[in-house]
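Overview (structure and organization)
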Amino acid sequence: MTGRLLGSGRSADVYEIDEAWVLRRDRDGWGDAAAEGAVMTYVREHGYPVPRVRASGSRTDLVMERLSGPTMLAALLAGEMGAAEGGALLASLLRRLHAVPGRDPAEPGSRVLHLDLHPDNVMLTPDGPRVIDWTNAEDGPPGLDWAMSAVILAQVAVGDLPVARDLLAALLADPGELTEEGLAEALRRRAANPTMSRREVELLGAAERLIRTLM
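The residue count restarts for each chain, going from 1 along the sequence in the order it is written. Only residues with pLDDT of at least 70 are given local features in this predicted model, and only at 80 or more are side-chain atom pairs given and counted; all residues enter the totals for whole chains, interfaces and linings. The basis for every side-chain value is the complete set of heavy atoms in the structure, and neither hydrogens nor water enter the calculation.

Moving on to the overall build of the protein. Comment: elements are numbered from the N terminus, with helices defined as DSSP H or I runs of at least four residues and strands as E runs of at least two. On a plain count of helices and strands, the protein comes out with eight helices and nine strands. Seen along its three principal axes, the alpha-carbon backbone of the protein occupies a region of about 50 × 45 × 35 Å. Burial classes: relative accessible area under 20% of the type maximum marks a residue as buried, over 50% as exposed, and values in between as partly exposed (1.4 Å probe, protein chains only). Among the 215 residues that make up the protein, the fraction classed as buried is 44%. Note on contacts: a residue pair qualifies if any of its non-hydrogen atoms lie within 4.5 Å across the two residues. Long-range pairs, those at least 24 residues apart, make up 66% of the contacts in the protein with a sequence separation of at least 6. Per-residue accessibility takes into account occlusion by the displayed protein chains alone, with areas from the Shrake-Rupley method and a 1.4 Å probe. Counting every atom, the protein has about 10,500 Å² of accessible surface; 51% of that belongs to carbon and sulfur. Between the centroid of the 23 positive side chains of the protein and the centroid of its 32 negative side chains there is a distance of 2 Å. Only four residue types enter the tally: Lys and Arg on the positive side, Asp and Glu on the negative side, with His and both chain ends excluded. A charged residue contributes its charge at one atom only: NZ of Lys, CZ of Arg, CG of Asp or CD of Glu.

To estimate how far a helix should extend, the number of its residues minus one is multiplied by 1.5 Å. Across its 13 residues, helix H1 (residues 33-45) extends 18 Å between first and last C-alpha, which sits within 8% of the 18 Å expected from 1.5 Å per residue. Among the residues of H1, Ala33, Glu36, Gly37, Val39, Met40, Tyr42 and Val43 are the ones counted as buried. Contacts made by the buried residues of H1 are with strand E3 (21-26), strand E4 (53-54), strand E5 (61-65), helix H3 (83-98) and strand E6 (111-113). Polar contacts, as used here, are pairs of N or O atoms within 3.5 Å; protein pairs need one atom able to donate a hydrogen and one able to accept it. Residues neighboring in sequence count only if both atoms are side-chain atoms. The N-cap residue of H1 is aspartate 32: its side-chain oxygen and the backbone nitrogen of alanine 34 are 3.2 Å apart.

With that settled, the discussion passes to the sheet that holds strand E1 (residues 5-8). What makes two strands pair is DSSP finding at least two bridges between them. Pairing in this open sheet of five strands is antiparallel, and the strands run E1-E2-E3-E5-E4 from one edge to the other. At either margin of the open sheet sits one strand with a lone partner, and together these are E1 and E4. By the bridge criterion, five bridges tie strand E2 (residues 12-16) to E3 in an arrangement that is antiparallel. Looking at E3, one finds that aspartate 13 is bridged to arginine 25. Axis definition: a line fitted to C-alpha atoms, over the contacting stretch in the case of helices. Angles run 0 to 180 degrees between N-to-C directions. Lying over the sheet, H1 contacts E3, E4 and E5, oriented at roughly 25° with respect to E5.

Our focus in this paragraph is the pairing of E3. Counting buried residues along E3, five of its six residues qualify, which places the element largely inside the surrounding structure. Two successive antiparallel strands, E2 and E3, enclose a turn made up of four residues. Pairing geometry for E3 and E5, over five bridges, is antiparallel. Opposite arginine 24, over in E5, you have leucine 62 as the bridge partner.

Looking at chain direction, strand E7 (residues 122-125) and strand E8 (residues 128-131) are connected through four bridges and run antiparallel. Along E8, the bridge assignment pairs valine 122 with valine 131. Hairpin connection from E7 to E8: two residues lie between these consecutive antiparallel strands.

Attention now moves to the nonpolar core. We define the nonpolar core as a collection of buried residues of types Ala, Val, Leu, Ile, Met, Phe, Trp, Tyr and Cys that are connected through side-chain atoms lying within 4.5 Å of one another. Of all hydrophobic cores here, the largest spans 53 residues; its most connected members are Val43, Trp134, Leu168, Leu171 and Ile211. Of the residues forming this core, the biggest block, nine residues, is contributed by helix H4 (residues 142-157). Setting aside residues up to four positions removed in sequence, tryptophan 134 forms contacts with Glu36, Val39, Met40, Val43, Tyr48, Val50, Leu97, Val112 and His114.

Let's shift gears to the confidence of the model for the protein. Interpretation of the predicted coordinates at a detailed level should be avoided for regions scoring low in pLDDT. The predictor reports its confidence for every residue as pLDDT, a score running from 0 up to 100. Scored by pLDDT, the protein has a mean of 90; 96% of the residues are at 70 or more. Here E1 stands out as the element of the protein with the lowest mean pLDDT, 78, in contrast to E6, whose mean of 98 is the highest.

So this is what it looks like as C-alpha cells:
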C-alpha cells in the first residue's frame, strides 16, 4: 500500500509513507533499489549528504528519509539562488563525492559516481543540500561524473533553459577531473538513454560544442 503521490520523474514516482519516510517506486523496472540503497548508505557513512535509507525488500521500491525544502532547480527558477552559486554547489558536491574512498581496493582510481547530478537531483533542506536519485550510480573514473553533469546542463542550456548556460559555466570554472574520455562516454550514454526524447538526443552536438567553448 502507498500513501499520496508526492512527485513523479521520468521513470519513478514518490509516495508518502509518514512524516519521516517516503517510498520511491520505479515504474519501468530498470532500477535496482537494493543496489541504490547500498551506495547511498556507503557514501552517507563517509559523510556525504544523502537521505537515510532503509531496506524495502523489493527491487523496484526504495524507502528513504523524507526531505523538506525545494530542489535546486526550483530555487533557481524562483530566483532564490543564482546560477553562479548553483554551479559552484554542483562542483562542490562532485568534489565531495569523489573524495569518498572507492569501494574496490583493487581499483585505487575508481570512485563512486552519481552520473545524474543536476539541479533537480539536489534538495536544498534546512540542514544543507542533499543529493537524491542514485539510480545510475556506479564505480568508475571521476571524469565521467563531471562529464555527465556537464552534458546534462549543456543539453538544457541549448534547449529551453538559458540559465543552464550560466550554471554550466560556473560548474566548469575549474573543470576538475573532466576528461576527453569522460566527455565521449557521457555523450554516448546520453545518446543511448531510452528516457530521452528525440529532440534531446538531437541537441547533443550543440551541447558538446558549448562544453568545449567553456572548458
